[in-house]
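One-letter residues, chain by chain:
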Amino acid sequence: MPLNERDRIEILMMIGVGDRMRTQQEVCRLFHEMHPDREPVSQSTVSRIERKYRELGHVRDAPRQGRPKINENVQQDVILSALENPHCTVRQVSRDLNIGKSSVSNIFKKVKYHPYRVRLIHELAEDDFDRRTEFCEYMMDHNNQNNGFIANILFSDEATFFLNGHVNRQNTRYWSQENPHWMQEYHTQHPQKRQPDYLLELDVEVVIP
């Protein structure tokens with residue numbers, strides 16, 4: 001069982017002062033007689049306690065090393081940053097307040113702030129349902145006529161660079177304690193954009209042998 005501060009003080013009193021000092025062996029024997037139910041102390045333990053008292057003037061435990069705690073003012077600044085700009089990033093807050101990114105993340109976690117991601121939803125027009133039905137009937141009809149029709153369709157991805165400040169959903173977050181159900185509406189699927197010469201926006205290409 002490790003010695004606490006009270007035990008160390010008791011050992012110092014057993015050592016004594018001046019011409020009435022006990023040897024380390026005598027201190028160990030006396031401590032064991034007074035505490036027979038405890039593990040005996042060694043002479044090296046008594047020596048360390050005596051040396052620490054002579055060097056520092058006390059026998060208290062040294063303060064534990066660890067990460068410095070973030071004060072309440074910094075926590076409030078982080079929370080205010082999220083309230084003023086819910087779309088801020090951890091990197092941005094860390095740079096503005098000059099604190100570590102892990103500290104910002106820990107503060108958000110402590111106050112139960114969650115980075116809600118944007119989900120893209122296409123608005124359906126009134127005639128979209130009929131157009132979907134027509135497309136399904138078209139595909140089923142051609143597949144019945146040509147059994148390998150589906151295998152000859154080439155689907156390609158779309159690459160678009162927006163010029164109007166639009167941010168994709170991969171780097172868009174909304175910091176909040178509850179789901180804000182935030183929505184941003186676009187009146188057209190294709191706003192002003194630029195396409196490099198080596199990137200083409202392709203629609204579905206149907207190859208019929």
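None of these values were measured; they are calculated from a predicted model. (Residues numbered from 1 in each chain as written. Predicted model: local features only at pLDDT ≥ 70, side-chain atom pairs only at ≥ 80, totals over all residues. Heavy atoms only, no water.)

A. Focus on the pattern of salt bridges. All told, the structure shown has 4 salt bridges when counted by the stated rule. Here Arg 38 and Asp 7 are joined by a salt bridge, their closest N and O atoms 2.9 Å apart. With a gap of 31 residues between them, Arg 38 in the loop between α2 (24-34) and α3 (43-56) and Asp 7 in helix α1 (residues 5-15) connect regions that are remote in the sequence. The two residues Arg 38 and Asp 7 agree in class, both being buried. A salt bridge links Asp 128 to Arg 131, with the nearest nitrogen and oxygen atoms 3.9 Å apart. One end of the pair, Asp 128, and the other, Arg 131, are both in helix α7 (residues 128-145), 3 residues apart, so they sit about a helical turn from each other. Accessibility expressed as a relative area gives 16% for Asp 128, which makes it buried. (Salt bridge = Lys/Arg side-chain N within 4 Å of Asp/Glu carboxyl O. Helix = DSSP H or I, 4+ residues; strand = E, 2+ residues; numbered from the N terminus. Buried < 20%, exposed > 50% of the residue type's maximum accessible area, 1.4 Å probe, protein only.)

B. Looking closely at α3. Taking 1.5 Å per residue, 14 residues should reach 20 Å; α3 reaches 20 Å between its end C-alpha atoms and fits that length. Among the structural elements, α1 and α2 are those in contact with the buried residues of α3. With its phi angle positive at about 85 degrees, Gly 57 sits one or two positions after the end of α3. (Expected span 1.5 Å × (residues − 1). Contact = heavy atoms within 4.5 Å.)

C. Inspection of the packing of aromatic side chains at higher detail. All told, the structure shown has 2 aromatic pairs when counted by the stated rule. Aromatic pair Phe 108 and Tyr 113: ring centres 6.0 Å apart, planes at 20 degrees, arrangement stacked. Just as Phe 108 is buried, Tyr 113 falls in that class too. On the numbers, 4.1 Å between centres and 20 degrees between planes, the contact of Phe 108 with Trp 175 is stacked. Note that Phe 108 is positioned in helix α6 (residues 101-110) and Trp 175 in strand β4 (residues 173-176), a separation of 67 residues in sequence. As far as burial versus exposure is concerned, Phe 108 and Trp 175 are alike and both buried. In this structure an aromatic cluster arises from ring pairing among Phe 108, Tyr 113 and Trp 175. (Phe/Tyr/Trp six-rings, centres within 6.5 Å; stacked < 30°, edge-to-face > 60°.)

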